[in-house]
Amino acid sequence: MSQLNKVIGSTLALCILTAFPYPLFILICGQIFFPFHANGSLITNNQGTVVGSALIGQPFASDRYFQSRPSVIDYSTPLEVYPTGESGSSNLAPSNPLLLERIQGQITRLQQANTHPSADLVYTSPSGLDPHISLESAQAQISPIAAVQNLDTQRIQTLISQNTEGRFFGILGEPGVNILRLNLTLDALEAAT
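What counts as what
- Residues numbered from 1 in each chain as written.
- Predicted model: local features only at pLDDT ≥ 70, side-chain atom pairs only at ≥ 80, totals over all residues.
- Heavy atoms only, no water.
- Core = buried A, V, L, I, M, F, W, Y, C linked by side-chain atoms within 4.5 Å.
- Buried < 20%, exposed > 50% of the residue type's maximum accessible area, 1.4 Å probe, protein only.
- Helix = DSSP H or I, 4+ residues; strand = E, 2+ residues; numbered from the N terminus.
- Contact = heavy atoms within 4.5 Å.
- Lys, Arg positive; Asp, Glu negative; His and termini not counted.
- Salt bridge = Lys/Arg side-chain N within 4 Å of Asp/Glu carboxyl O.
- Polar contact = N/O pair within 3.5 Å; in protein donor to acceptor, adjacent residues only side chain to side chain.
- Pairing = 2+ DSSP bridges.
- Phe/Tyr/Trp six-rings, centres within 6.5 Å; stacked < 30°, edge-to-face > 60°.
- Axes fitted to C-alpha atoms, helices over the stretch in contact; angles between N-to-C directions.
- Parallel < 35°, antiparallel > 145°, perpendicular 65-115°, else oblique.
- Nonpolar A, V, L, I, M, F, W, Y, C, P; charged D, E, K, R; others polar.

1. Here's the deal with the nonpolar core
Membership of the largest hydrophobic core comes to 25 residues, with the highest contact counts inside it found for Phe66, Ile133, Ala138, Ile156, Ile160, Val177 and Leu182. Ranked by residue count, the leading element in this core is helix 9 (residues 179–192), at six residues. Discounting chain neighbours no more than four positions away, the residues touching Leu182 are Phe66, Leu159, Ile160, Asn163 and Val177.

Spelled out as structure tokens, the structure:
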């Protein structure tokens, strides 16, 4: 009976400790030391309006903007369709005619826009929410965007460099370009001129 009381007491003490003080400590540390990250990495425009998160991609329909990776779930928009902000992929087999048709359609659309169809502009990301594209994919879009925006290609290359995020801890993954930040930089440049 003594051992049972110790086990029950230890379990209750750990439940209370891990259910209240620990989460509260993590919440306070996050708000003090990492407020941007703890609050969803929200990005605002020049007017201070929240336009998205640095962690979640968005579709861009206009040819004035850099295009994101395709998303099977259309980045969980609109919220009436995906109220939980869910992520996911199509899970279609490589031999599935629907997948092949979607890929060929994406390649054709990119070629019509004078953009080289790189892998991450053709294939969807596994989560459906990826906010980054590779440097190669961003650079493939320079000429069409320069023509539409009436900008020098070197200026756009500089914007890409400014919005490129390096490897995680300097060694993991590949550098990527955050498309939302890059397109907001394009908007700010247009507003300035």
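2. Structural notes on the environment of Ala146
For Ala146, the location among the structural elements is in helix 7 (residues 142–149). Ala146 sits in the buried class, given a relative accessible area of 7%. Along the primary structure Ala146 and Gly170 are separated by 24 residues, whereas in three dimensions their C-alpha atoms are 31 Å apart. If we ignore the near neighbours within four places in the chain, the residues touching Ala146 are Leu151, Thr153 and Ile156.

3. Section: the side chain of Asp120
Tracing the chain through its elements places Asp120 in helix 5 (residues 119–122). Buried Asp120, no salt bridge; nearest opposite-charge side chain is Arg69, N-O distance 5.3 Å. For Asp120, the side chain forms a polar contact with the main-chain nitrogen of Ser134, separated by 2.6 Å. Of the polar contacts made by the side chain of Asp120, one reaches the side chain of Ser137; its length is 2.3 Å. Ignoring any residue separated from it by four or fewer positions in sequence, one finds Asp120 in contact with Arg69, Pro70, Ile133, Ser134 and Ser137.

4. Points about the pattern of salt bridges
Between side chains of opposite charge, pairing is possible as soon as their charged atoms come close. Counted according to the given criterion, the structure contains three salt bridges. Across the pair Asp130 and Arg69 runs a salt bridge whose closest N-O atoms are separated by 3.4 Å. With Asp130 in the loop between helix 5 and strand 3 (132–133) and Arg69 in the loop between strand 2 (50–53) and helix 4 (97–112), this pair connects stretches of sequence that are 61 residues apart. Judged by relative accessible area, Arg69 falls into the buried class, the value being 16%.

5. As for the pairing of strand 2
Taken together, the three bridges between strand 1 (residues 42–44) and strand 2 define a ladder with antiparallel strand orientation. Opposite Thr44, over in strand 2, you have Val50 as the bridge partner. Linking two consecutive strands that pair antiparallel, namely strand 1 and strand 2, is a turn of five residues; a positive phi of about 85° is found at Gly48 within it.

6. Overview of the packing of aromatic side chains
Enumeration according to the criterion identifies two aromatic pairs in this entry. Aromatic pair Phe60 and Tyr65: ring centres 5.7 Å apart, planes at 50°, arrangement tilted. Judged by its relative accessible area of 15%, Phe60 falls in the buried class. Ring plane angle 55° and centroid distance 4.3 Å describe the contact between Phe168 and Phe169, whose orientation is recorded as tilted. Judged by relative accessible area, which is 53%, Phe168 ranks as exposed.

7. A look at the packing of helix 1 (residues 2–19) against helix 2 (residues 21–33)
Packing of helix 1 against helix 2 leaves a shortest axis separation of 3 Å and a crossing angle of 20°. As judged from the angle between their axes, helix 1 and helix 2 are roughly parallel. Judged by residue contacts, Ile16, Leu17, Thr18 and Ala19 of helix 1 engage Pro21, Tyr22 and Pro23 from helix 2. Class assignment of the residues belonging to the contact of helix 1 with helix 2 gives a composition of six nonpolar, one polar and no charged.

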